[in-house]
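Listed below are the residues making up each chain.
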Amino acid sequence: MHPRQCFPSLLLLIGAAMDKKVITLLRTQAFIDGAWVGEPRMPVIDKATGAEIARVPDMGAADAERAVEAAHRAFPAWSKLLAKERSAILRRWFELIMEHADELGLLLSQEQGKPLAEARSEIRYGAAYVELFAEEAKRVCGEVIATHKKDARVLVLRQPIGVVGAITPWNFPSAMITRKVSPALAAGCTVVVKPAEDTPLSALALAELAQRAGVPKGVFNVVTTSDPAPVGRVLTESPLVRMITFTGSTEVGKILMRQAASTVKRVGMELGGNAPFIVFDDADLDRAIAGAMASKFRNAGQTCVCANRILVQDGIYDAFAARLTEAVRELRVGPGTETGVTVGPLISSDAVRKVEQHVADAVAHGAKVVIGGKPAPIGGNFFEPTVMTGCTTDMRIAHEETFGPVAPLFRFSTEEEALRIANDTPFGLAAYFFSRDMGRCWRVAEALEYGIVGVNEGITSTEIAPFGGLKESGIGREGSHHGIEEFLEMKYTLMGGL
Ligand code: NAD
């Protein structure tokens, strides 16, 4: 055991503005083959204050290979457990996450930046996947197909695919892990997770609770690193890994798909988005404003499904712009752990720069900043919640994910025009629209080229529904009863000589 690990090491005292909190789930080593390993060297930073929270190991390809070998060794026994036995362990993991939700939320808020209430809600949301897949573990079924030969039977077995490599982003450091790991474990797979370099602590805390829940050694491994490419290469190119599941940018997703081609691995890709949020003249304005606020400003606009382009019809445009501006004025920017804060910091100074560039480019092309538009006066990586009117499709903000608290309003006249603009993107993750016309609701929902459509709803994420994108937003679905399918192979078995 590393010296940092004994001591009150595991007790991080946090002088958050609220009150003194003790985090017992702080782990400063990686988790491979059921052991805490590696020298804590890589600093993890509190995104609100810039202070160092802890250090974790900065691992490389050799460590990733060790983790893959451990997962490979653990696979036969884990996959042969009764589904009910795996289910009981997952259920216990879910209960432990819920018991520690406050502590996990505080850790998440610090390493990621989101307000504490949102962080706790992410913990509950992430735990719900573990609960769901604890149940789905017991419902994996094969098939018997009507035979083509009198003396034979045609069976389809469903079996776990094997070792899974999982690479996750910083914007949902807890839920993106449980959304991948719990269906994989439920199916009987073993997993090596590489969390984002900005947010490894939530991943390690989840591993600690999984161990306490009875997940055997080697079944769930976490490799931390500041240099993702070498670890990513092992996870995509090792013949021992049979699937790579990734959540992150489309750019990195394409690299991983190319690498995974060398061993023809299955891929699950949850990639970037450019969500349209369409408000028709016949919308319920109160509902549309509430939806826009939730969709746009949650996690300071750093979600893959957040409204990136707000398209508003002529007749309601001015009223919507005025009401949205009023609502945005009520937001409070500050450290996520401070009471009353609704918008935390962005993940990095680069992220702030990108948001500034999007705003500047929009203004240069004729947009008007109604509120916000610049880094917040409190300094750090905080950006003022922003509303811009007069946005047009020639602006960068229309084509790239802004990933910040900026609501750009685009004006349109007809349903056809709104659909043309909405679908004019290589992305296809989430879309939203607001209308009270039933015919339009069906037409537009069917015409939007997106994997997730919110009709009169600004937040759609739930463990019970299939989450995933079309086009360059991804391949495969996470969550719901479909989510476990991704981790199962189909084996056709012709049982002859009967
Ligand atoms: P990113 O692609 O930069 O990083 C995601 C993960 O990939 C991180 O763990 C990172 O370390 C790793 N990575 C980066 N380069 C790599 C390489 N060469 N090899 C292996 N791994 C590598 O994305 P990000 O900035 O962390 O996250 C934001 C992006 O994620 C946005 O585009 C967002 O839309 C997307 N996202 C999508 C979903 C979804 O479900 N579709 C959910 C959350 C975030």
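What you see is a predicted model; the values in this text were computed from it and never measured.

### Considerations on the site of the ligand
Of all residues adjacent to the ligand, which total 28 residues, the nearest are Thr168, Glu197, Ser249, Leu271 and Glu401. Taking tryptophan 170, its side chain carries an N or O atom lying 3.0 Å from an oxygen atom of the ligand. Measuring from a nitrogen atom of the ligand, one finds a backbone N or O atom of leucine 271 at 2.8 Å. Computed on the free molecule, the ligand has an accessible area of 830 Å², of which 88% lies beneath the protein chains in the complex. Counting only elements with at least two residues in the shell around the ligand, the list comes to α7 (228–237), β12 (241–247) and α8 (250–260). Here the element with the most residues in the shell around the ligand is α7; it accounts for 3 residues. When grouped by side-chain class, the residues that make up the shell around the ligand number 15 nonpolar, 8 polar and 5 charged.

### Quick word on the side chain of asparagine 221
Checked against the element boundaries, asparagine 221 lands in strand β11 (residues 220–222). At 2.8 Å, the side chain of asparagine 221 forms a polar contact with the backbone nitrogen of aspartate 33. When near neighbours in sequence (up to four residues on either side) are disregarded, asparagine 221 contacts Phe31, Ile32, Asp33, Ala67, Ala70, Ala71, Val191, Val192 and Val193.

### Here's the deal with empty space enclosed by the protein
Considering all chains together, one arrives at 4 cavities of 30 Å³ or more under this definition. Its boundaries defined by the atoms lining it, the largest cavity holds a volume of some 70 Å³. Looking at the largest cavity, it is lined by 16 residues, and the ones nearest its centre are Thr245, Arg477, Glu478, Glu486 and Phe487. Mapped by element, the contributors of at least two residues to the lining of the largest cavity are α5 (175–187), β12 and β13 (266–270). For the lining of the largest cavity, the leading source of residues is β13, giving 3 residues. Grouping the constituent residues of the lining of the largest cavity by class yields 6 nonpolar, 5 polar and 5 charged.

### Examining unusual backbone geometry
Of note in the backbone geometry, asparagine 456 takes a positive phi value of approximately 60° without being a glycine. A positive phi angle, close to 50°, is found at lysine 471, a residue other than glycine.

### With respect to the packing of helix α3 (residues 101–112) against helix α4 (residues 116–136)
Each packed pair of helices is defined by two parameters, the angle between the axes and the distance between the axes. Taken N-terminus to C-terminus, the directions of α3 and α4 make an angle of 120°; their axes are 8 Å apart at the nearest point. By the criterion of interaxial angle, the relationship of α3 to α4 is oblique. For the pair α3 and α4, the crossing hand works out as right-handed. Residues Ala101, Asp102, Leu104, Gly105, Leu106, Leu108 and Ser109 of α3 form the contact with α4, whose participating residues are Leu116, Ala119, Arg120, Glu122 and Ile123. The class makeup of the residues in the contact of α3 with α4 is 7 nonpolar, 2 polar and 3 charged.

### Quick notes on the UniProt feature "domain: Aldehyde dehydrogenase" (unreviewed entry) in the chain
Here the UniProt feature "domain: Aldehyde dehydrogenase" (unreviewed entry) sits at residues 40–492. Strand forms 21% of residues 40–492 and helix 40%; the C-alpha atoms that close the span are 47 Å apart.

Parameters and conventions
- Residues numbered from 1 in each chain as written.
- Predicted model: local features only at pLDDT ≥ 70, side-chain atom pairs only at ≥ 80, totals over all residues.
- Heavy atoms only, no water.
- Near = heavy atom within 4 Å.
- Polar contact = N/O pair within 3.5 Å; in protein donor to acceptor, adjacent residues only side chain to side chain.
- Areas by Shrake-Rupley, 256 points an atom, 1.4 Å probe, with all protein chains shown as cover.
- Helix = DSSP H or I, 4+ residues; strand = E, 2+ residues; numbered from the N terminus.
- Nonpolar A, V, L, I, M, F, W, Y, C, P; charged D, E, K, R; others polar.
- Contact = heavy atoms within 4.5 Å.
- 1 Å grid on protein atoms, 1.4 Å probe; cavity = no way out; pocket = protein on both sides within 12 Å on 5 of 7 lines; lining within 4 Å.
- Points joined across faces, edges and corners; volume = space filled by probe spheres on them.
- Axes fitted to C-alpha atoms, helices over the stretch in contact; angles between N-to-C directions.
- Parallel < 35°, antiparallel > 145°, perpendicular 65-115°, else oblique.
- Left-handed = near helix turned anticlockwise from the far one by under 90°.
- UniProt positions renumbered as here; feature names shortened; annotations may be inferred.

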